Amino acid sequence: MRRYRFGRIAALVAVAYVAGVGMVVSADWITVAGVVVPVEPPHLMELGPWARWVLLPVAVLQGWALWQVLRGPVLGGAARVGWPGGAAGWLRVALYASVAHTLLLHLWPPDDAEWATWSGALVRLAVVGLYVPVLAASLPRWVRLGAFVAGIAAVAADLGYGPGDTPIWLLWAVPVLVGQARDPRWSRGTVWTGAIFAAAWLLRPTSFAIRFPRELDPGLLFEVAVVALGALGAVWEARSAHELTRPPETAPRPAGARPRMAEARSRSTGARSRPAGARPGAVRRPSFPLPLAGVAVALPLIPVAVNLAHGVPRAIDPGGAVADLLRISDRASLAWYGLDLLLGVGAPALLVLAAVARRTRTAVRVTAVALLGCAALVAVSALTLPPARLGGTGPDLAPGPDPAALPPLWHAAALTAAALLLLAIQAGSPRRHTLLAATAAALALCFLPAADLAPAKVTTAEDCARAPRTSERAYLCAIRVNATLDVAAGTPDHVLLARGRRLCAVHTRQDPAELAGLRSEEGVDPERLPWVIDDICPSAHAAAVAAETAEKVEYEQSQAEERRKCDAAPRHRPLITPAKAVRVKEPQWPDGSLSLFETVDDSFDPLSQGVFSKALANGLVAGGRGHLVILTHSDVHACVTLETYARRPPVETGGWEHVVEVGYDSPAGDLRLRDDLSGIVLPDLSLRGRPGHYRVRVHFAWLPWNGGRYGTQRLLVMAYPGDGDDVRTYRAPPP
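What to know about the overall build of the protein
Piece 1. Counting secondary structure elements, the protein contains 26 helices and 13 strands.
Piece 2. Taken over 735 residues, the protein has a buried fraction of 42%.
Piece 3. Intrachain contacts of the protein at a sequence separation of at least 6 include 72% that bridge at least 24 residues.
Piece 4. When the accessible surface of the protein is totalled, it reaches about 38200 Å², and 62% of it is carbon and sulfur.

Set out below in structure tokens:
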């Protein structure tokens, strides 16, 4: 059993921390929530019954981190306690200072944040600079210099002298982890701790708030887990400092040298496979059959070629569970988008090509694991899309990023087949033949349609335009042209018909539970269902006809009611004979205003006069050159009377609530009030098509109806030739 310099003290501190958090959480979890979940400041929302079950595992992880940090170097064996000289000793000092700085800031946040920021930056600069000579034997010079520049840029970004919240820090951390993996002074546990911390840093939420809803939220659990893994940063630095106490005999090996176990394995493999008389030390790599290797490289390119032919350089649909989880961080979302683009342009084929060229067991296994991991991510993303997005079945279960592109499951199948084929051609006989057979079977199952999913007829929009739509064809054309159902492009007709008949059975049964499930499970609105399937479902057709008849009757009754209102309105009796008078028979329903617009010339825009704003100022009407606006109420109909006079008519205010007269300059003599949104065009108000200057007087009043104050609105518009652009208000509405 290994012993550490301060192992017992560290264990007592860790146990005391976890026990203290457990006791406080059981009584009052809010007191320690901000300490356990390292976020400042915490935003606490309603308490959930499972809140303590989230905080306790995080506290256990932090207790383990405290033990790792405080236990010190290993005692006895190959390790020695002491300070090695040179850069390694100063790197230990800098790493311990960084760990102490992190713990102090977490436990006792300072009042002077600027001092804490600058002190942390100085410590990080020391760590970045000292790793350069320490990793001299493990990394080439250009890699160390690149990591040094990236580390300085990351510190500068944290100080506000560069783009913040960017993955520049990873450009320093990744080379350092690679150097540690090549250096025997650091263990695999240390390297993996740093790698997990780097991944958690990439997935760190952009904005995080502690919230504990009453129902279990997987997204929240993921956010808490990612934030809690930030404690591994201190563990990585502390272990890196502890393990720098190795004796000189375990000094770093030259760059490019293999670990001793790998060398021994290679020598033993070479001894077994080396023929008699062969040169000692020569290790034969397994021979890869070129045709099978070519197939492995080409498999990931098949769906990529189809998508690129349709102009879609992506492989993963933007929705799904993976994308939803990664939305907690801008960096994670950017990484997911980058992976999508790499898969969409065929980057996995380059990875397979590199493995085929290397022909080593490690390269093949790493490539196969990477391909299978990407395939799993693509499959999860595709299969967790909302139910409304689902179209057909089998490979068309989840639509792709574009209707013309292949579904993501085809990419997952291609990556899986390439990984299996790589493992098959790397393995020896007879295992190779078994894996080849499994790969062929997987390809057949993934890419070949089943008997009931064989390619079938797909009615296109062009087919719908060439032939009349009746019965089943009308149902299919409504889906293809009007998208009455959200289905994947290319779904066969028989699949759509089967779904329509199933929906018809649901509608016929009128089971409330089934109808309610349509919205949540399939994205179909039960209230709109009769209009979706009425062409192939008798009960839906009857319901649609009944609804349309009821709507038509209701509309006709409403229009008859409005006509009765206008008929009951007092008729205007002119004091002098007008040149023409029109009482508009049908009630009008303008959408907020009636306007008159005439084109003047190319050098003048009537809208530039601000006529609408002027109308708002007096609340009724305003005019200018080629533009006039009369304001109305958009919620009720209007009974309109139009009168044109050859001379100025007497002013009438009796029975009206608002009377305003304005000037209007007509360039063409076409005074037709209209409302383009409602499709209203009223008769011409001009005096026998005369252009020139007019005066327009507008009368407005409410007509009570059935005891209501605002039954409908009355409008009387008078127009006559006259000069002047002044606004005259003869009667204003009561305040």
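What about the pairing of strand E11 (residues 692-705)?
Piece 1. The buried fraction of E11 is high, at 11 of 14 residues.
Piece 2. Note that strand E8 (residues 658-666) and E11 share 9 bridges and pair antiparallel. Looking across to E11, one finds that Ser666 is bridged to Gly692.
Piece 3. By the bridge criterion, 11 bridges tie E11 to strand E12 (residues 708-721) in an arrangement that is antiparallel. Bridge pairing in E12 links Arg695 to Tyr720.
Piece 4. Hairpin connection between E11 and E12: a loop of 2 residues separates the two successive antiparallel strands, and Asn706 in this loop has a positive phi of roughly 55 degrees.

Observations regarding the state of the cysteines
Piece 1. What the rule picks out here adds up to 3 disulfides.
Piece 2. Each sulfur of the disulfide joining Cys504 and Cys537 lies 2.1 Å from the other. Given an S-S torsion of about 75 degrees, the disulfide between Cys504 and Cys537 has right-handed geometry. Residue Cys504 is found in helix H22 (residues 493-509), and its partner Cys537 is found in the loop between helix H24 (529-533) and helix H25 (538-568); the two are separated by 33 residues along the sequence. Of the two residues, Cys504 and Cys537, both sit in the buried class.
Piece 3. Here Cys566 engages in a disulfide with Cys639; their sulfurs sit 2.0 Å apart. The sign of the S-S torsion, about -90 degrees, decides the handedness of the disulfide formed by Cys566 and Cys639: left-handed. Of this pair, Cys566 sits in helix H25 while Cys639 sits in strand E7 (residues 638-644), placing them 73 residues apart in sequence. You'll find Cys566 and Cys639 in the same group, each marked buried.
Piece 4. Each disulfide in the protein links cysteines that, numbered along the sequence, combine into the pattern 1-2, 3-4, 5-6.

Regarding the pattern of salt bridges
Piece 1. In total, this model carries 14 salt bridges according to the counting rule given.
Piece 2. Ionic pairing is found between Arg185 and Asp183, a salt bridge with its closest N-O pair at 3.0 Å.
Piece 3. Notably, a salt bridge pairs Arg239 with Glu243, separated by 3.6 Å at the nearest N-O pair.
Piece 4. By relative accessible area, Glu243 is classed as buried at 11%.
Piece 5. Within the structure, one salt-bridge network assembled from shared partners comprises Glu661, Arg695, Arg697, Asp726 and Arg728.

Focus: a nonpolar patch on the surface
Piece 1. On the surface, a cluster of nonpolar side chains totalling about 330 Å² of accessible area is made up of Phe6, Ile9, Val13 and Leu70.
Piece 2. The residue Ile9 is located in helix H1 (residues 7-27) in this model.
Piece 3. For Ile9, a relative accessible area of 55% gives the class exposed.

Topic: helix H17 (residues 361-383)
Piece 1. The end-to-end C-alpha distance of H17, which contains 23 residues, comes to 32 Å, matching closely the 33 Å that a straight helix rising 1.5 Å per residue would cover.
Piece 2. Taken residue by residue, H17 has Ala363, Val364, Thr367, Ala368, Leu371, Cys374, Ala375, Val378, Ala379, Ser381 and Ala382 as its buried positions.
Piece 3. You can read the cap of H17 off the contacts: a side-chain oxygen lies 3.2 Å from the backbone nitrogen of Ala363, and it is on Thr360.

Side note on the nonpolar core
Piece 1. Ranked by internal contacts, the top residues of the largest apolar core, which has 30 residues, are Ile316, Leu343, Val352, Val356, Leu371, Leu415 and Leu422.
Piece 2. If you list the elements that add at least two residues to this core, you get helix H12 (290-298), helix H15 (330-344), helix H16 (347-358), H17 and helix H18 (408-426).
Piece 3. Residues contacting Leu422, with those up to four places away along its chain left out, are Val352, Ala355, Val356, Val364, Thr367 and Leu371.

Some thoughts on helix H26 (residues 611-618)
Piece 1. Taken as a whole, H26 has its buried residues at Val611, Ala615 and Asn618. Seen end-on, H26 carries its buried residues on one side only, within an arc spanning 70 degrees. Seen from the buried face of H26, the exposed residues on the opposite side, beyond 90 degrees, are Ser613, Leu616 and Ala617.
Piece 2. Residues of H26 that are buried in the fold lie against strand E5 (621-623), strand E6 (627-631) and E8.
Piece 3. Phi turns positive one or two residues past the end of H26, at Gly619, with a value near 85 degrees.

A word on the packing of aromatic side chains
Piece 1. Scanning the model with the defined rule gives 5 aromatic pairs in all.
Piece 2. Arranged with centres 5.6 Å apart and planes meeting at 85 degrees, the rings of Phe700 and Trp702 form a pair that is edge-to-face.
Piece 3. Trp702 sits in the buried class, given a relative accessible area of 13%.
Piece 4. Their ring planes at 80 degrees and their centres at 4.7 Å tell us that Trp702 and Tyr710 sit as a pair that is edge-to-face.
Piece 5. The structure contains a cluster of three or more aromatic residues connected by ring pairs, namely Tyr131, Trp172, Trp186 and Trp236.
Piece 6. Above the face of the Tyr694 ring, Arg690 is positioned so that its terminal group lies 5.3 Å from the ring centre.
Piece 7. Over the ring of Trp656 we find Arg714, and its NZ or CZ is 4.3 Å from the ring centre.

Regarding the packing of H12 against H18
Piece 1. Interaxial distance between H12 and H18 falls to 8 Å at its minimum, and their mutual angle equals 155 degrees. Relative to H18, H12 is oriented roughly antiparallel. For the pair H12 and H18, the sense of crossing is left-handed. For the pair H12 and H18, contact is made by Leu292, Ala293, Val295 and Ala296 and by Ala418, Leu421 and Ile425, respectively.
Piece 2. Per-class residue counts for the contact of H12 with H18 are 7 nonpolar, no polar and no charged.

Considerations on the sheet that holds E7
Piece 1. One open sheet accounts for 6 strands, arranged E3-E7-E12-E11-E8-E13; its pairing is mixed. Edge strands, defined here as strands with exactly one partner in the open sheet, are strand E3 (580-583) and strand E13 (728-731). When the angles between neighbouring strand axes are averaged without regard to direction, this sheet yields 20 degrees.
Piece 2. Relative to E12, E7 is paired through 7 bridges, and the arrangement is parallel. Residue pairing across strands places Thr641 opposite Leu716, the latter belonging to E12.
Piece 3. Docked against the sheet, H25 engages E3, E7, E11 and E12, running at close to 110 degrees with respect to E11.

A word on the environment of Asp725
Piece 1. Take Asp725: it is sitting in the loop between E12 and E13.
Piece 2. You can call Asp725 exposed: its relative accessible area is 60%.
Piece 3. For the pair Asp725 and Arg695, spaced 30 residues apart in the sequence, the C-alpha separation amounts to 8.1 Å.

Rules and cut-offs
Residues numbered from 1 in each chain as written. Predicted model: local features only at pLDDT ≥ 70, side-chain atom pairs only at ≥ 80, totals over all residues. Heavy atoms only, no water. Helix = DSSP H or I, 4+ residues; strand = E, 2+ residues; numbered from the N terminus. Buried < 20%, exposed > 50% of the residue type's maximum accessible area, 1.4 Å probe, protein only. Contact = heavy atoms within 4.5 Å. Areas by Shrake-Rupley, 256 points an atom, 1.4 Å probe, with all protein chains shown as cover. Pairing = 2+ DSSP bridges. Disulfide = S-S within 2.5 Å. Salt bridge = Lys/Arg side-chain N within 4 Å of Asp/Glu carboxyl O. Patch = residues over 30% accessible without salt bridge, like charges linked within 9 Å, V, L, I, M, F, W, Y side chains within 5 Å. Expected span 1.5 Å × (residues − 1). Polar contact = N/O pair within 3.5 Å; in protein donor to acceptor, adjacent residues only side chain to side chain. Core = buried A, V, L, I, M, F, W, Y, C linked by side-chain atoms within 4.5 Å. Arc of directions from axis to C-beta. Phe/Tyr/Trp six-rings, centres within 6.5 Å; stacked < 30°, edge-to-face > 60°. Lys NZ or Arg CZ within 6 Å of the ring centre and 35° of its normal. Axes fitted to C-alpha atoms, helices over the stretch in contact; angles between N-to-C directions. Parallel < 35°, antiparallel > 145°, perpendicular 65-115°, else oblique. Left-handed = near helix turned anticlockwise from the far one by under 90°. Nonpolar A, V, L, I, M, F, W, Y, C, P; charged D, E, K, R; others polar.

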